[in-house]
Amino acid sequence: MRFRAKIVDLACLSHFSRIINTIAKLTKTCILRLTVCKLYFILSDKVANGGASLWCELSQGNFFNEFQMEGVAAEHNEIYLEFVPENLSRALKTAQSAKAVKIKLTNKHCPCLRVAVELPSLSSSSRIVTHDIPVGVIPRRMWNDFREPSVPDFDVSIYLPVLKTMKSVVERMKNLSNFIVIEANLSGEMNLKIETDLVSVTTHFKDLGNPPWASEDGCQSSAQGRDLESVAEACVDIKKLQQLLAGQQVNPTKALCNIVHKRIVHFILLHEEVSLQYFIPAIA
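Sequence order as written defines the numbering, with residues in each chain counted from 1. Thresholds applied to this predicted model are a pLDDT of at least 70 for local features of residues and 80 or more for the giving and counting of side-chain atom pairs; totals over whole chains, interfaces and linings are not thresholded and use all residues. Hydrogens and water are ignored here; the side-chain numbers use all heavy atoms of the structure.

1. Brief notes about the packing of helix α3 (residues 163-174) against helix α4 (residues 238-246)
Two elements in contact, α3 and α4, have axes whose closest approach is 9 Å; the angle formed by their N-to-C orientations is 145°. As for how α3 packs across α4, the hand of that crossing is left-handed. Taken together, the residues of α4 that come into contact with α3 (itself represented by L163, M166, K167, V170, E171, M173 and K174) are I238, L241, Q242, L245 and A246. Amino acids are sorted into nonpolar (Ala, Val, Leu, Ile, Met, Phe, Trp, Tyr, Cys and Pro), charged (Asp, Glu, Lys and Arg) and polar (every other residue, Gly among them). Considering only residue class, the contact of α3 with α4 consists of eight nonpolar, one polar and three charged. To define axes, lines are fitted to C-alpha atoms, for helices over the stretch in contact only, and angles between the resulting N-to-C directions are given on a 0 to 180 degree scale. The secondary structure listing takes helices from DSSP runs of H or I that are at least 4 residues long and strands from runs of E that are at least 2 residues long, numbered from the N terminus. The handedness criterion is simple: a crossing whose near helix is rotated anticlockwise from the far helix by less than a right angle is left-handed, and one whose near helix is rotated clockwise is right-handed. What makes two residues a contact is simply this: any of their non-hydrogen atoms within 4.5 Å.

2. Some points on the nonpolar core
Nonpolar core, defined: a set of buried Ala, Val, Leu, Ile, Met, Phe, Trp, Tyr and Cys residues in which side-chain atoms within 4.5 Å join the residues together. Each residue is placed in one exposure class: buried if its accessible area under a 1.4 Å probe, protein chains only, is under 20% of its type's maximum, exposed if it is over 50%, and partly exposed if it falls in between. Of all hydrophobic cores here, the largest spans 77 residues; its most connected members are F3, F16, M190, L192 and F267. Ranked by residues supplied to this core, first place goes to helix α1 (residues 10-26) with seven residues. If you count residues domain by domain, this core takes at least three from each of domain 1 (1-143) and domain 2 (154-215 + 226-279). Discounting chain neighbours no more than four positions away, the residues touching F16 are I7, L39, L58, F63, F64, L92 and I103. By size, the runner-up hydrophobic cluster in this structure holds eight residues, among which are Y40, W55, I138 and W143. By convention here, the domain bounds are inherited from an automatic or database domain assignment.

3. Side note on the sheet that holds strand β12 (residues 179-184)
Strand order in the open sheet formed by four strands is β14-β13-β12-β15, and the pairing between neighbours is antiparallel. Looking at strand neighbours, the two that pair on one side only are β14 (200-205) and β15 (232-237), the edges of this open sheet. Adjacent strand axes in the sheet meet at a mean angle of 20°, parallel and antiparallel pairs treated alike. Paired strands are those between which DSSP finds at least two bridges. The pairing of strand β13 (residues 190-195) with β14 spans six bridges and is antiparallel. If you follow E195 over to β14, its bridge partner there is S200. α3 rests against β12, β13 and β14 of the sheet, and its axis sits at about 10° to β13.

Spelled out as structure tokens, the structure:
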């Protein structure tokens, strides 16, 4: 089992750092799944226990100048590692003006991701700062626990408003309640509301647009046969929503939300070569 990779391009490095920062804000530990073409960051808290789930995938070719890996076996050419994303985020903070960053799976005293940051220096020799991030190797028999979460049939899919605006609304509401209701319909309308014994506050968003999802048989299924005004809603833990909005540094070109009425809210943030999915279960 071997893995080594190198980033030389500063723009790629800064983009990669932002993604890791976002993930570090959403979870204390996560699984890094390495394949020949992609990296996946996975958090699968059991939704039944009220935990959120995260699935972020990126194409390695868009970030790394060199990328080599050998998985556990020829027919299972993958590696699954458990690690603390905050540790990787900290290591990458030292790399903001780096000439290159190398990441390698090593096993000195315990399995580690070694992050070697090559910094520019005035002399001809370069300075290298090394961070060893402990990782746990996930055995093959447990891989199935970390498959991509299946998306249940949603009742409404809608584009999100500007995330900064949404974030400031949610931050103000967080001081008033622990729960927030997200409502939307197929006419591009979305409401964020909180209701307590003392106060009821609703923020309305209009003209957001609804994605044209294609159904299995290839025809557009988004609104056919559905009442466009009919509202789907889910009440979720406001802290989990705020974490997603506050930690968000992916700068998505598209951000949307799927609601399964009273069951789950599924967020998708897309940015060229990165997709981040975040599932927050509804509170009964």
